[in-house]
Amino acid sequence: MTDATVDKVAGRSEGKAWSATAAATVGLVFGPSTLLLFLFGVFVEPLSQAFGWSKPAILFAATIISLMIMVISPVQGMLIDRFGARPIVLASCLTFACGLLAMSYIPGNIQVFYSMYALLPVLAVGLWPVSYLRVVSTWFDRRLGLAIGIANGGIGLGAAILPPIITYVIANGSLQWAYVSLAMIVTVIVLPLNALFLHDAPTAKVARPAHDRAAASADFRRFVTTSSFVILAAAFFLLGFVNTGLVTNQISLLIDGGATPQHAALVQSVFGIAVLIGRFLTGVLLDYVSARRLMSLVCLGGAVACVLYALGPTGYVAFACAILIGMVYGAEFDVLSYLIKRYFGLPTFGRIYGSIFAIFQLGAALGATLLPLSRAQFQSYGPGLTLYAAALAVSSVLFLCLGGARVARETTEEKAALL
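Residues numbered from 1 in each chain as written. Predicted model: local features only at pLDDT ≥ 70, side-chain atom pairs only at ≥ 80, totals over all residues. Heavy atoms only, no water.

1. Structural notes on the overall build of the protein chain
Definition in use: Strands here are runs of E lasting at least two residues and helices are runs of H or I lasting at least four, both read from the DSSP assignment and numbered beginning at the N terminus. When a residue's accessible area, from a 1.4 Å probe over protein chains only, is under 20% of the maximum for its type it is buried; when over 50% it is exposed; and in between it is partly exposed. Whether two residues are in contact is decided by their heavy atoms, any of which lying within 4.5 Å being enough.
Helix and strand content of the protein chain: 18 helices and zero strands. Out of the 419 residues in the protein chain, the part that is buried amounts to 58%. At a minimum sequence separation of 6, the contacts of the protein chain that also span at least 24 residues come to 85%.

Structure representation (C-alpha cells):
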C-alpha cells in the first residue's frame, strides 16, 4: 500500500472517528441524563401547580430515577459489551421517545407519575452515557481525553440550553407540550444522527467467541476486587450522593432563598454552561495531567460551593456556586471513562462503567432526598448542604489514594488503528 493510500485510509478513519464523537455528543445533549435529571427541576413547579402535588412528593421521583438507573446500568454494560452500543442505542431512541410522549397524557395521579419515572430510565436503557463513551473509546487512544470531553460535553450543552427553552415552552404552551417536544427531538434529531454516524471502530470486537467472553468475565471478576475499583466505587458513590441532589434541587433552593423562577433558571443555565466547559476542559487536561489530582481539586471546589450555598448565596455568589458545582459534574464522568480504559481496558469497559455508575446512582438515590428532608426538618437546606460538602471533601481524598494507572492491553493492530 502506497504512502498516499495509507494517508487516505487514515484520513477516512479519523473522519469516521470524529463523526462518531459528534453523534455521541448530540445523543447526550438530548439523552436521559439531560432530559430526566437536568430538566427535572424545571418541571417541579408546573407539576405542583397543575396537579396540586407537594414539591417533596414530586422530587421523590428523582430518587426513583436514580434507583432505576442503579438497576439497569450493569445490564446496559453487559449488553453493549456483548452486542455493541449501536443496536442498543437505536432501539432505545424509539422506546424513550414513546415514553416521553406518554408523559403528555399523564393524569393527576402521583402513583402513575412515579410509575412513569420508573419506566423512563428503562426505556432509555441504551442512551445513558456509557453506550456513547464506549463507542468513542474504540476510536481513540492518544487523544482519548479530548474525545471523551467533547462527547460528554453534550450533557453540559443540554443542561445549558434546554432549561430556559423548556421553561418557555411550559409558560407559553403547556406542560404536556413540553413532553411532546422532547419526544419529537429524540425521534427527529437523535435517532437519525445515531443511525448515520454512531459506529464502533473496525478493530473493536463485540460479538466475541465464547472463550473470549469467558476471559472477559474472568477479568471483570478480578478487577472488581482490586483496590482501584473499590476506591473509584467509593468516590463515585459520594459524588452521586451529592450531585444528583444538587441538580434536582438547585432551582427549588434558589427560589426558597428569594430568587425568581426566571433567575433560578438562569443560574441553572450557568450551571449547565459550567458543566459543558468542565467536560471539554477536563477532556483536554486528561491527556496532559494526572486524572487523580485533577478530580481531587475539582471535588474540593464543589465542597466550597456547598458551604457557600448553605450560608444562603445571593447575587453573583449563586452563579459562582453553580460554576463550581458544574465543574464537578463536568469532570466526573470524563475522569471515570478515562480511568476505566487506562486501569481495566476495553473488553470490560461496559461492565466496569455500568457497575460504578450503578453505585453512583445508589448514592444519588440516597442523596436526592436529603435536601427536601433537610428543608422539611430544619426549615433550611443548610444542614443537608453541609453534609454534601463533607462528602465531596472525602471524595477528594479518595481520588488521591488511587494508585498509578495500569495501561490497558491492546493488540498491535488495535494500537495502530487508535487515534
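2. Quick word on the state of the cysteines
Going by this rule: Only a pair of cysteine sulfur atoms within 2.5 Å qualifies as a disulfide here.
Summed over the entire model, instances satisfying the criterion amount to zero disulfides. Cys321 carries a free sulfur, and the closest cysteine sulfur to it, the one in Cys306, is 8.3 Å from it.

3. A look at the packing of helix H4 (residues 55–83) against helix H15 (residues 349–368)
So the rule is basically this: Between N-to-C directions, angles span 0 to 180 degrees; the directions come from axes that are lines fitted to C-alpha atoms, helices contributing only their stretch in contact. Angle categories are assigned with fixed cut-offs, so that under 35 degrees is roughly parallel, over 145 is roughly antiparallel, 65 to 115 is roughly perpendicular, and the rest are oblique. Just so you know the grouping, Ala, Val, Leu, Ile, Met, Phe, Trp, Tyr, Cys and Pro go in nonpolar, Asp, Glu, Lys and Arg go in charged, and all remaining residues, Gly too, go in polar.
Where H4 meets H15, the closest approach of the two axes is 8 Å, and the angle between their N-to-C directions is 180°. Relative to H15, the element H4 lies roughly antiparallel. On H15, the residues touching Thr63, Ser66, Leu67, Ile69, Met70, Ser73, Pro74, Gly77, Met78, Ile80 and Asp81 of H4 are Phe349, Gly350, Arg351, Gly354, Phe357, Ala358, Gln361, Leu362, Ala364, Ala365 and Ala368. Here the residues of the contact of H4 with H15 sort into 13 nonpolar, seven polar and two charged.

4. Quick notes on the nonpolar core
Put simply, the test is: In these notes, a set of buried Ala, Val, Leu, Ile, Met, Phe, Trp, Tyr and Cys residues joined through side-chain atoms within 4.5 Å is what counts as a nonpolar core.
Phe43, Phe113, Tyr117 and Phe399 are the most contacted members of the largest nonpolar core, which totals 143 residues. Sort the elements by how many residues they give to this core and helix H14 (residues 316–344) lands first, with 16 residues. Leave out the neighbours within four places in its chain, and Phe113 touches Leu47, Trp53, Ile58, Ala61, Met103 and Ile106.

5. Describing the layout of surface pockets
Under the convention used in this document: Cavities and pockets are found on a 1 Å grid laid over the protein atoms alone: a cavity is a set of points where a 1.4 Å probe fits but cannot escape, a pocket is an open set with protein on both sides within 12 Å along at least five of seven lines, and a lining residue has an atom within 4 Å of such a point. Grid points are joined across faces, edges and corners, and a volume is the space filled by probe spheres set on the points.
Roughly 380 Å³ of volume is contained in the second largest pocket. Around the second largest pocket, the lining comprises 17 residues; the ones closest to its centre are Val42, Glu45, Pro46, Thr167 and Pro261. Breaking the lining of the second largest pocket down by element, the ones donating at least two residues are helix H3 (40–51), helix H8 (144–172), helix H11 (227–256) and helix H12 (261–286). The leading source of residues in the lining of the second largest pocket is H3, at six residues. Partitioning the lining of the second largest pocket into residue classes produces ten nonpolar, five polar and two charged.

6. Concerning the environment of Phe280
Locating Phe280 in the fold gives a position in helix H12. Its relative accessible area of 43% is what places Phe280 among the partly exposed residues. The spacing of Phe280 and Ala331 is 51 residues in sequence and 8.6 Å in space, taken between C-alpha atoms. Excluding anything up to four places from it in sequence, Phe280 contacts Leu146, Gly149, Ile150 and Asp334.

7. Details of the packing of aromatic side chains
Applied cut-off: Aromatic rings from Phe, Tyr and Trp, with only the six-membered ring used for Trp, were paired whenever their centres fell within 6.5 Å, and each pair was classed as stacked if the ring planes differed by under 30 degrees, edge-to-face if by over 60, and tilted otherwise.
Inspection of every chain in the model, using the stated rule, returns 19 aromatic pairs. Their ring planes at 35° and their centres at 6.1 Å tell us that Phe236 and Phe333 sit as a pair that is tilted. Here Phe236 is found in helix H11, whereas its partner Phe333 is found in helix H14, with 97 residues between them in sequence. Here Phe236 falls in the buried class, since its relative accessible area comes to 0%. The buried category is assigned to Phe333, whose relative accessible area is 4%. Each ring, one from Phe333 and one from Phe360, has its centre 5.0 Å from the other, and the planes form 65°; the classification is edge-to-face. With Phe333 in helix H14 and Phe360 in helix H15, this residue pair connects regions lying 27 residues apart in the sequence. The pair Phe333 / Phe360 is uniform in exposure class, with both members buried.

The values reported here are purely geometric and, on their own, carry no functional implication.
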